[in-house]
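Report on the structure
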Amino acid sequence: MKNWEGSSVKRVSDNNTWKELQMISGLRDQEQPLRDISCRGPVRVALVYPNLYDVASASLSYHDLFYRMNIPSDTGCERFFYSETGGNYFSLDSTSVVSDFRIWAFSVHFELDLLNVLFMLRDLGVPLSPHERSEHHPIILIGGALSLFMRPVLELVADYVHEGELSQGFVDRLASLKLEKHTRDSAVDYLRAYEDDKLRTSGKTLADYAESAYLTPKSVFPNRFLMEISRGCRHRCAFCVVGHRFGRVRHVPFESIKRSIESVVDFTNKIGLVAAEVNDHPDIDSIAQYSLENDLDISVSSLRASSLSERLMRALKQGSQKQFTIAPEGGSQKVRNLLRKGLNDSDIYAALEVGRKVGFNRVKLYFIFGVPGEDEGDLEEIASFVSACRRIGYSSINVSLNPLVPKPGTPFEFSKMITAGELRRKKKLLSTLLNVTGVKADFESIRESTVQYAVANMNEEIFEGLASIMTRSGKREVFQFLINQSLTISGKRKEWVRNGKEEHTCC
Ligand code: SF4
């Protein structure tokens, strides 16, 4: 049965089309491919990263999906990325238009990116709800980090949610999908059946670790080869989904890491090591030594303040890194305990001392504020902590301050988020306390953090309201709608407590 004739996806043809094509070709021309990837298989999949090209190119998932989905010769997976100005959405790989693809696979890792998925569907005339899509609409697949803790929300949008790491079973299912023999619904059922398939991997090993498929100067990390060295996290900080939902910790063997780096040194010596906490890798000192001996410019996705070795810090200093970053999260031990961070003052000061010893005079520190149980004294301790950094000898201190967003799947999942008004009051106090020479305070947007909270906790009713407002309004109105809904979500949580059920308490 063939039901794929025609298309009800919108196409635009105007002066901007030529500009859009030129922009896509310009980006493609600047890419240096690192893997041999053919996108010519008959099962055509549009892999869409719901953010701009520079962000997409800095996402290891985007690289990994592009590579792995094209391994079966029957799949032709091509890359797309979100555009704030809409347009036709041309593929980076063949400049085919996205409406020519029957399967659109979104890799979604951040709550606000899910809104970009909805904006893109809306702009292309695809109904936001799977129940409203007809035979001529594309099949919408959603995977990525959000699938690990927001599956019910993603199911409001996707025809099928692929939960967790990309499994070989799913890749094989996709490659064997004969679209011409299926209705839209039966194609989705066929894909879904992979979950019962014996081929489904259990994620016990990290044989399929991710690395860059191409280099580009237009990435957030220009011309840097990114490679995953560990997956999962053994720490279980109360605010972070990684420790609770990303499966058990697995590390890429040192020999594999070396082989991957050796395969790209002719193109770049800039290497980005990616892990939840890079210095938790058991061979991190050997990796650092290898970097020092081979004159590599390494960077890391994140460092844990405990167990920070001098050798790793020397390897970072050798490269182009002007500063290093650690995340105490709380200025006071009380807040660090509430967040279950597992760090104390001596861990953090030891890390700062190692940084100075190898020659860093700039440091970036991450803190969370708006934690239930936090008081003004805890905020003052952030400022005291920053003053101590200056005494240790740091001349430039970048302080990143982020409101706590209670996430599903973490011990905070039933906590309500502090109101925007209260967060603004705390922000004002912190701004005054941190108004010191050499200190730069960067606050995560309270507005966007509140929208994140609303998206992460969206139910069917909120989604229906969101879908309705999206069809007639822009981003500003959509954000305001979600900010209003955040109060409803928190209000329900208060009610839940009043009705005799216990609210979560940390530690
Ligand atoms: S914040 Fe870092 S250490 Fe804590 S669970 Fe998340 S990734 Fe692990």
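Residues numbered from 1 in each chain as written. Predicted model: local features only at pLDDT ≥ 70, side-chain atom pairs only at ≥ 80, totals over all residues. Heavy atoms only, no water.

**Describing the sheet that holds strand E6 (residues 160–161)**
Taken in spatial order, the 5 strands line up as E3-E2-E4-E5-E6 in an open sheet, and their pairing is parallel. Looking at the sheet topology across the chains shown, the edges are occupied by strand E3 (75–81) and E6. Here strand E2 (residues 43–49) pairs with strand E4 (residues 103–107) via 4 bridges, running parallel. Paired with Val 45 across the two strands is Ile 103, which belongs to E4. Running at roughly 130 degrees to E2, helix H6 (residues 168–175) makes contact with E2, E3, E4, strand E5 (139–143) and E6 of the sheet. (Pairing = 2+ DSSP bridges. Helix = DSSP H or I, 4+ residues; strand = E, 2+ residues; numbered from the N terminus. Contact = heavy atoms within 4.5 Å. Axes fitted to C-alpha atoms, helices over the stretch in contact; angles between N-to-C directions.)

**A look at the state of the cysteines**
Enumeration according to the criterion identifies 0 disulfides in this entry. We note that Cys 77 lacks a disulfide partner, and the nearest cysteine sulfur, in Cys 39, lies 7.0 Å from it. (Disulfide = S-S within 2.5 Å.)

**Examining the sheet that holds strand E15 (residues 396–403)**
The 4 strands are arranged E13-E14-E15-E16 in an open sheet whose pairing can be described as parallel. Two strands bound the open sheet, and with one partner strand each, they are strand E13 (324–329) and strand E16 (439–443). Taken pair by pair, the neighbouring strands of this sheet meet at an average axis angle of 20 degrees, ignoring direction.

**Description of the domain arrangement of the protein**
As far as domains go, the protein holds domain 1 (15–196) and domain 2 (224–320). Inter-centroid distance (C-alpha atoms) of domain 1 to domain 2 is 29 Å. On the domain 2 side, the residues contacting the 8 residues of domain 1 number 12 residues. Both faces combined, the contact of domain 1 with domain 2 buries some 910 Å², and carbon together with sulfur accounts for 71% of it. In terms of surface lost to domain 2, no three residues of domain 1 exceed Leu 60, Leu 148 and Glu 165, which account for 54% of the buried area on that side. Counting the contacts that link domain 1 with domain 2 gives 2 salt bridges. (Domains from an automatic or database assignment. Buried area = accessible area lost by both parts, 1.4 Å probe. Salt bridge = Lys/Arg side-chain N within 4 Å of Asp/Glu carboxyl O.)

**Section: the site of the ligand**
Lining the immediate environment of the ligand, one finds Cys 233, His 235, Cys 237, Phe 239, Cys 240, Gly 243, Ala 276, Glu 277, Arg 304 and Lys 341. Looking at the shell around the ligand residue by residue, the classes come out as 5 nonpolar, 2 polar and 3 charged. (Near = heavy atom within 4 Å. Nonpolar A, V, L, I, M, F, W, Y, C, P; charged D, E, K, R; others polar.)

**Focus on the nonpolar core**
Where a protein is soluble and globular, its nonpolar side chains tend to be buried together. Trp 104, Phe 106, Leu 114, Leu 115, Leu 352, Leu 365 and Leu 482 are the most contacted members of the largest nonpolar core, which totals 109 residues. Looking at which element gives the most residues to this core, the answer is helix H4 (residues 111–123), with 8 residues. Split by domain, this core shows at least three residues from each of two domains, domain 1 (15–196) and domain 2 (224–320). Every residue in contact with Phe 106, bar those within four places of it in the chain, is listed here: Val 48, Val 117, Met 120, Leu 121, Ile 140, Leu 141, Ile 142 and Gly 143. (Core = buried A, V, L, I, M, F, W, Y, C linked by side-chain atoms within 4.5 Å. Buried < 20%, exposed > 50% of the residue type's maximum accessible area, 1.4 Å probe, protein only.)

**Quick notes on the environment of Ala 327**
Structurally, the position occupied by Ala 327 is in strand E13. Look at Ala 327 and you get buried, because its relative accessible area is 16%. For the pair Ala 327 and Leu 365, spaced 38 residues apart in sequence, the C-alpha separation works out to 5.5 Å. Ignoring anything within four residues of it in the chain, the contact list for Ala 327 reads Lys 341, Leu 343 and Tyr 366.

**Some remarks on the pairing of strand E8 (residues 225–228)**
Here E8 shows no split at all, with Phe 225 and Met 227 on one side and Leu 226 and Glu 228 on the other all buried. Pairing analysis gives 4 bridges linking E8 to strand E11 (residues 270–274), with the strands arranged parallel. Across the sheet, the residue bridging to Met 227 is Leu 273, located in E11.

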